[in-house]
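# Summary of structural features
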Amino acid sequence: QVQLVESGGGLVQPGGSLRLSCVASGSIFTISVMLWYRQAPGKQREWVATSAGSTSYADSVKGRFTISRDSARDTVYLQMNNLKPEDTAVYYCNANVRSAASYSYQNYWGQGTQVTVSS
């Protein structure tokens, strides 16, 4: 079994910064892609950023957020700068993982970490 655990959320003022982390653990052979999503109150979950060799971002965060990955530690980060109140959401880590006992990839979600941007 594989677990994803996010950390680093909190309360920050507009214009501030936060760095989220997501660590994957368990029976991991390889991870093909790691992503960040977010879900604001009353809204659907939306994609934020992807790390899969190259990186990509939602237009709403481009230029402010940076996704990075430490493959040796099965960890993905999301550096969030110039945060806005509309960035307030629960942020979720997502990954496609191949376990040591399988030739196929399975998709996993973390439990989420709350980010609140408010003065």
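The structure this text deals with has already been given above.
Anyway, here's the lowdown on the structure attached to this text. (Residues numbered from 1 in each chain as written. Predicted model: local features only at pLDDT ≥ 70, side-chain atom pairs only at ≥ 80, totals over all residues. Heavy atoms only, no water.)

### Overview of the side chain of T113
Within the secondary structure, T113 is located in strand β11 (residues 113–117). Within the local environment of T113, its side chain forms a polar contact with the backbone nitrogen of G9, the two atoms lying 3.2 Å apart. When sequence neighbours within four positions are dropped, the list of residues in contact with T113 reads E6, S7, G8, G9, L20, A89, V90 and Y91. (Helix = DSSP H or I, 4+ residues; strand = E, 2+ residues; numbered from the N terminus. Polar contact = N/O pair within 3.5 Å; in protein donor to acceptor, adjacent residues only side chain to side chain. Contact = heavy atoms within 4.5 Å.)

### Digging into the state of the cysteines
Here, the word disulfide means a covalent bond between the sulfur atoms of two cysteines. One pass over the full model with this rule turns up one disulfide. Shown here is the disulfide that connects C22 with C93, its sulfur atoms set 2.1 Å apart. Handedness here is read from the sign of the S-S torsion; for C22 and C93, about -80 degrees, the answer is left-handed. Highlighted residues: C22 in strand β3 (residues 18–26) and C93 in strand β9 (residues 89–98), separated in sequence by 71 residues. Accessibility expressed as a relative area gives 0% for C22, which makes it buried. (Disulfide = S-S within 2.5 Å. Buried < 20%, exposed > 50% of the residue type's maximum accessible area, 1.4 Å probe, protein only.)

### Observations regarding the environment of G63
Summarising the element assignment, G63 is placed in the loop between β6 (54–57) and β7 (65–70). Spatially, the C-alpha atoms of G63 and M80 are 9.6 Å apart, while their sequence positions differ by 17 residues.

### Some words on the packing of aromatic side chains
Applying the stated criterion across every chain yields a total of two aromatic pairs. Ring geometry for Y92 against W109: centres 6.4 Å apart, planes inclined by 85 degrees, an arrangement best described as edge-to-face. In this pair, Y92 sits in strand β9 while W109 sits in strand β10 (residues 105–109), placing the two residues 17 residues apart along the sequence. Y92 gets classed as buried once you look at its relative accessible area, which sits at 14%. Taking relative accessible area as the criterion, W109 reaches 38% and is therefore assigned partly exposed. Counting every residue linked through ring pairs, the aromatic cluster contains Y37, Y92 and W109. When the ring centre of Y92 is taken as reference, the NZ or CZ atom of R45 above it lies at 3.7 Å. (Phe/Tyr/Trp six-rings, centres within 6.5 Å; stacked < 30°, edge-to-face > 60°. Lys NZ or Arg CZ within 6 Å of the ring centre and 35° of its normal.)

### Some details on the nonpolar core
Counting 30 residues, the largest nonpolar core has W36, V48, F65, L78, M80 and Y91 as its most contacted members. Of all the elements in the fold, those that place two or more residues in this core are β1 (2–7), β3, β4 (30–39), β5 (46–52), β7, β8 (75–80), β9 and β11. Among the elements that line this core, the one with the most residues is β9, at five residues. Once residues lying within four places of it in the same chain are set aside, the contact partners of Y91 are E6, L20, W36, Y37, R38, V48, F65, L78, M80, G112, T113 and V115. (Core = buried A, V, L, I, M, F, W, Y, C linked by side-chain atoms within 4.5 Å.)

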